[in-house]
Amino acid sequence: MNDYIIKVENLVKKFGQLVAVDNISFSVAPGEIFGFLGPNGAGKTTTINILCTLSKPTSGRAMVNGYDVVRQQSQVRQSIGLVFQDPSLDERLSGLQNLRFHALVYHVPASVREQRIEQVLKMMELWDKRHIVVRNYSGGMKRRLELARGLLHHPKVLFLDEPTLGLDPQTRNRIWEYILELRRREGTTIFLTTHYMDEADKADRIAIIDHGKLVAMDTSERLKKIVGKDIISVRTSDDKRAVEEIRLRYQIKARRDSNGLTFEVVSGEKFLPTFIKEFGTKILSVNLRSPSLDDVFLKLTGREIREETGDAFKAMFRRHGRRMRR
Amino acid sequence: MNNLRGVYTIWYRDILRFWRDRIRLIGAFFFPLLFLFVFGSGLSSRMALFGSGINFVQFMFPGIIGMTVLMSSFMAGVSVVWDREFGFLKEVLVAPISRASVAGGKTLGAATVALIQGTVILLFAPLVGISLSPQMVLVLLPLMFLLAAAMGSFGILLATRIRTVEAFQAVMQMLTFPMVFLSGVFFSLQDVPTWMSVLAKINPATYGIATIRQVVLEAPPDSPFGINLLGHTMSLWNNVALLAVFGTAMTLLAMRSLGSQE
Ligand SMILES: Nc1ncnc2c1ncn2[C@@H]1O[C@H](COP(=O)(O)OP(=O)(O)O)[C@@H](O)[C@H]1O
Ligand SMILES: [Mg+2]
């Protein structure tokens, strides 16, 4: 028995001059939820495309379920389920017909076909809508149908490329319940990409990718230890003066960003009361929190991952814009 | 076995989509019939008869059948381009079926839909004074299917290389009209200038149209409805072989083109 179900060794993918995936190596254990976290353009989709045989690596090797993604394409394809970043349904057919098509091409035995379709549709709460043409589904329904389809043939590994992009928080939570339930029931290995921090937090292990390179890979807890300290954000009446004061008083370098000022201290609960009492510049608001994956990313790369939380419309627009360009 | 299932599934989806959109059928025979009755009747009084009691509408009728089949199957490739734009092509390309079976299934789907449309036109034969025997229909159906598969695979080959629906339609229009006009749908290729005759003989559709016409009008290959290729009178089987070779070549190229796609 192997102790990994996905193994990637020195994988490189170039598009002309651009190195989209730059010599990455990692492995994923069976039953693990493995998260790929990185900003747009980091190389997440490109990696998935290689792992699912849609695209060939420039160099390096990748194995999925014991099969080589270049030389044993059809075995790899039979082992995996996919939810692509961009929509991939037949909009002219009903939800049910989309699933029947999928069941046929994935050789789901006729004896269990209808029963399984019913099961996944009910799981995704789409059973009542099964006869409706997909064109008339909402964005969330389409996403759930794609998830149902990805599960239909009981794949060993499920690839989810930004599975909740552009969905409202409620639908996102629901989809996550399904994903966790699936792992519990079927032991499916889940490989997901995201640029939502809270989503990455749900993975057993996270690989942080930036400009095609893996910059860190560990559990969420341990990644956060890289930052170590607590994070304090303050808004003041004069940020420039406040930076100077923090530097002189505590020998800490504060950053100015969208939240005003941010700096790190060891055990923030103890620091904060004295800070508020003795600070000379007028404080408008204070926020104390433990490090997030955002802070980890910032620490490792010097940049923030731009979040699109709450801006579902913009994200939807991106999804569609991309589709129209292809 | 695996491949057959792939071909069947891809074909089945195309038929399902056609059935959902069957209102398209009306559009598909509206134009051919318009051509036939308005254009045909308007001109027939001024056109010489072809001897043996065949009038212009009767001459055009098999050509219109061929044209319907040709245009429908050739344009069917657009579904590949649509699937790419809507992302569904990825679902197909990542499925555990061979790319060859995808191209094969698409070709058969295009040919089946075109055959249905051609058959609808065939039903109008009595209206133009042509009586078709069951034997003739039995010969015509596979002929139409062959022409459809040949042109369908050509369209699909182009579709695997073109990224947008707009570009595909532009290319198709540029090819379809010359192909229809230079295939003898509307006039006999007997007394045309040499350049036109050469182009018509390069056009694979010509051989399909001529064969359908010979069967419908019960004319021999050495009649004005036949084709003389480099001094050789093309028999029905010659034409069939030529179309089959062309169709096979296009299908193989389409399979290869799709197979190398990322
Ligand atoms: N087919 C392609 N041709 C050229 N460049 C590409 C192609 N696909 C992706 N890229 C580039 O590769 C980089 C990584 O893209 P991608 O893997 O989609 O990032 P992510 O999924 O992390 O947002 C980007 O700079 C993108 O523009
Ligand atoms: Mg992506």
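Residues numbered from 1 in each chain as written. Chains lettered and ligands numbered in written order. Predicted model: local features only at pLDDT ≥ 70, side-chain atom pairs only at ≥ 80, totals over all residues. Heavy atoms only, no water.

Participant: Looking at this model, I keep getting lost on the coordination of the magnesium ion (ligand 2). Mind explaining?
Facilitator: Around a metal, the perfect tetrahedron of four donors has angles of 109.5 degrees, and the perfect octahedron of six donors has angles of 90 or 180 degrees. Residues and elements named next belong to chain A. Taken together, T45 (OG1) and Q85 (OE1) make up the full set of protein donors to the magnesium ion (ligand 2), lying 2.0 Å away. On the criterion of sequence distance, the pair formed by T45 in helix α1 (residues 44-51) and Q85 in the loop between β6 (80-83) and α3 (95-105) is long-range, its members being 40 residues apart. Taking the relative accessible area as the measure of exposure, T45 reaches 25% and is therefore partly exposed. (Donors = N, O, S within 2.8 Å, 3.2 Å for Na, K, Ca; no water. Helix = DSSP H or I, 4+ residues; strand = E, 2+ residues; numbered from the N terminus. Buried < 20%, exposed > 50% of the residue type's maximum accessible area, 1.4 Å probe, protein only.)

Participant: Can you help me understand a nonpolar patch on the surface in this one?
Facilitator: Residues and elements named next belong to chain B. A cluster of nonpolar side chains, contributed by F30, F31, L34, F35, F37, V38, F39 and L127, occupies part of the molecular surface with about 770 Å² of accessible area. Examined against the element boundaries, F35 turns out to sit in helix α2 (residues 24-44). Given the relative accessible area of 31%, F35 is considered partly exposed. (Patch = residues over 30% accessible without salt bridge, like charges linked within 9 Å, V, L, I, M, F, W, Y side chains within 5 Å. Areas by Shrake-Rupley, 256 points an atom, 1.4 Å probe, with all protein chains shown as cover. Salt bridge = Lys/Arg side-chain N within 4 Å of Asp/Glu carboxyl O.)

Participant: Can you help me understand the sheet that holds strand β11 (residues 230-236) of chain A in this one?
Facilitator: Strands belonging to one sheet form pairs held by backbone hydrogen bonds; the direction of such a pair is parallel or antiparallel. Residue and element names in this part refer to chain A. In spatial order, the strands read β12-β13-β11-β14; together these four strands make up an open sheet with antiparallel pairing. Pairing within the sheet leaves two strands with one partner each, and these edge strands are β12 (255-257) and β14 (283-289). Sheet twist, expressed as the mean angle between neighbouring strand axes with direction ignored, is 25 degrees. In the sheet, β11 pairs with strand β13 (residues 260-265) via five bridges, with the strands oriented antiparallel. Directly across from V234, in β13, lies its bridge partner L261. Against the sheet, helix α9 (residues 239-250) touches β11, β12 and β13, its axis set at about 15 degrees to β13. (Pairing = 2+ DSSP bridges. Axes fitted to C-alpha atoms, helices over the stretch in contact; angles between N-to-C directions. Contact = heavy atoms within 4.5 Å.)

Participant: Would you explain the packing of aromatic side chains in this entry?
Facilitator: Each aromatic ring pair is specified by the distance between its two centres and by the angle formed by the two planes. A complete count under the given rule lists 23 aromatic pairs over all chains for this structure. Both rings, one in F34 of chain A and one in F36 of chain A, keep their centres 6.2 Å apart while their planes meet at 45 degrees; by these two values the pair is tilted. For F34 of chain A, a relative accessible area of 0% gives the class buried. Arranged with centres 5.8 Å apart and planes meeting at 80 degrees, the rings of F154 of chain B and F246 of chain B form a pair that is edge-to-face. Remark: F246 of chain B occurs in helix α11 (residues 236-259) and F154 of chain B occurs in helix α7 (residues 134-161); sequence separation between them is 92 residues. (Phe/Tyr/Trp six-rings, centres within 6.5 Å; stacked < 30°, edge-to-face > 60°.)

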